[in-house]
Amino acid sequence: MERIVVKVGSNVLTTPTGKLDITRLSAIVDQIAWLKEHRYEVILVSSGAVACGRSELKVEYALDSVEQRQLYSAIGQVKLINHYYDLFREYGIHIGQVLTMRENFQQGEQYDNQRACMEVMLDNAVIPIVNENDTVSITELMFTDNDELSGLISQMMGAKTLVLLSNVDGIYTGNPAEPDSQLIAKVNPKDQLDKYIQAEKSSAGRGGMESKYKTARQVSQSGIRVIIANGRRDNILPQVLTAPHTTPHTEFVPQQR
Ligand code: GLU
């Protein structure tokens, strides 16, 4: 079995108006079920709680940014995980929810407990669905975003591959909207792409290409292959894993250790 971590960004799971895109969520579930059938051991890191909660509740007064995050993630996480539960159930696949915080990743008891928890889930063919515990982790204590979280999870669980699903095909040599820009297919451990990385982010999530690049570099240097691909493309996970030459993506080749 090959262990794989799949991170799905808020921008993949939400429509342009910020609502949860159930069709897309369902397509992601179908693809993860395919991975399970093909002997992959999957850990899913899913964003979307805040975006999900925001579309659920209209608040009549101004919330500050911490209140927004706490309120919307509390409501949204329930909605998100319920959808996953229903959709995976159709395949007879069990899921479990893992909410975590940055401090759980310092070496020690919490780190060991968290790893043991996910190991026992995987041993029993349960898919861990991981997100940050947004209701209690605030400002300085948060992960930069779920890209960073998924990198830490990949290292903690000794994954072979991390796939970061976003709403772009990967890293380009310029602005993806410009015709001259080319998608970079492979990044070797020594390649420096800083000059190509655009700082702007999507509106739905906290990440962006800058943080994906940072995570991808770090994680690939620790010996894990990292793939950035477009989660809005049909059947992207099976495609990128079985037909990489004909599927747009950026792969970070792992450093040999
Ligand atoms: N944990 C946040 C959520 O579920 C997402 C953080 C991110 O955008 O990376 O809404």
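So, here is what we can say about the structure in this document. Since the model is a prediction, treat every value here as computed from it, not as a measurement.

Thresholds applied
- Residues numbered from 1 in each chain as written.
- Predicted model: local features only at pLDDT ≥ 70, side-chain atom pairs only at ≥ 80, totals over all residues.
- Heavy atoms only, no water.
- Salt bridge = Lys/Arg side-chain N within 4 Å of Asp/Glu carboxyl O.
- Helix = DSSP H or I, 4+ residues; strand = E, 2+ residues; numbered from the N terminus.
- Buried < 20%, exposed > 50% of the residue type's maximum accessible area, 1.4 Å probe, protein only.
- Pairing = 2+ DSSP bridges.
- Polar contact = N/O pair within 3.5 Å; in protein donor to acceptor, adjacent residues only side chain to side chain.
- Phe/Tyr/Trp six-rings, centres within 6.5 Å; stacked < 30°, edge-to-face > 60°.
- Axes fitted to C-alpha atoms, helices over the stretch in contact; angles between N-to-C directions.
- Parallel < 35°, antiparallel > 145°, perpendicular 65-115°, else oblique.
- Left-handed = near helix turned anticlockwise from the far one by under 90°.
- Contact = heavy atoms within 4.5 Å.
- Nonpolar A, V, L, I, M, F, W, Y, C, P; charged D, E, K, R; others polar.

## Topic: the pattern of salt bridges
At step 1: Enumeration over the complete set of coordinates arrives at 12 salt bridges.
At step 2: Salt-bridge contacts for Lys 7 lead to Asp 147; the nearest nitrogen and oxygen are separated by 2.8 Å. Of this pair, Lys 7 sits in strand β1 (residues 2-8) while Asp 147 sits in helix α6 (residues 146-156), and the two are 140 residues apart along the sequence. Here Lys 7 and Asp 147 have matching classes, each one buried.
At step 3: Residues Arg 102 and Glu 148 are paired through a salt bridge, measuring 3.0 Å at the closest nitrogen-oxygen approach.

## Here's the deal with the sheet that holds strand β8 (residues 250-252)
At step 1: Taking strand neighbours across the sheet as the criterion, the 8 strands line up as β3-β4-β2-β1-β5-β7-β8-β6 in an open arrangement whose pairing is mixed. Edge strands, defined here as strands with exactly one partner in the open sheet, are β3 (95-100) and β6 (186-187).
At step 2: Bridging between β1 and strand β5 (residues 161-166) involves 5 bridges; their strand directions are parallel. Opposite Val 5, over in β5, you have Leu 162 as the bridge partner.

## A short note on the side chain of Glu 132
At step 1: Assignment of secondary structure puts Glu 132 in strand β4 (residues 127-132).
At step 2: Separated by 3.0 Å, the side chains of Glu 132 and Ser 137 make a polar contact.
At step 3: A polar atom in the side chain of Glu 132 sits 3.2 Å from the backbone nitrogen of Phe 143.

## Quick word on the packing of aromatic side chains
At step 1: For the structure shown, the criterion picks out 3 aromatic pairs.
At step 2: Seen from their ring centres, Tyr 84 and Phe 88 are 6.2 Å apart, and the 25° between their planes marks the pair as stacked. Taken together, the residues Tyr 84 and Phe 88, both in helix α4 (residues 65-89) and 4 residues apart, mark about one turn of the helix. Both residues of the pair, Tyr 84 and Phe 88, count as buried.
At step 3: Measuring from ring centre to ring centre gives 5.7 Å for Phe 105 and Phe 143, while their planes differ by 75°; the resulting arrangement is edge-to-face. Residue Phe 105 is found in the loop between β3 and α5 (109-123), and its partner Phe 143 is found in the loop between β4 and α6; the two are separated by 38 residues along the sequence.
At step 4: Owing to a relative accessible area of 13%, Phe 105 belongs among the buried residues under this scheme.

## Digging into the environment of Ala 74
At step 1: Inspection of the secondary structure assignment puts Ala 74 in helix α4.
At step 2: Among the residues examined, Ala 74 registers a relative accessible area of 39% and is labelled partly exposed.
At step 3: Sequence separation of Ala 74 and Thr 135 is 61 residues, and the distance between their C-alpha atoms is 6.1 Å.

## Structural notes on the packing of helix α2 (residues 22-37) against α4
For any two helices packed against each other, one specifies the inter-axial angle together with the distance between the axes.
At step 1: Following both chains from N to C, one finds α2 and α4 inclined at 50°, their axes separated by 10 Å at the closest point. Put simply, α2 runs oblique to α4. Handedness of the crossing formed by α2 with α4: right-handed. Contact with α2, carried on its side by Ile 22, Leu 25, Ser 26, Val 29 and Ile 32, involves Leu 80, His 83, Tyr 84, Leu 87 and Phe 88 of α4 and no other residues of that element.
At step 2: Counted by class, the contact of α2 with α4 contains 8 nonpolar, 2 polar and no charged residues.

## Regarding the environment of Lys 186
At step 1: Residue placement: Lys 186 occurs in strand β6.
At step 2: A relative accessible area of 48% places Lys 186 in the partly exposed class.
At step 3: When the C-alpha atoms of Lys 186 and His 249 are compared, they prove to be 8.5 Å apart, with 63 residues separating the residues in sequence.
At step 4: Look past the residues within four positions of Lys 186 in its chain and what remains in contact with it is Asp 191, Glu 251 and Val 253.

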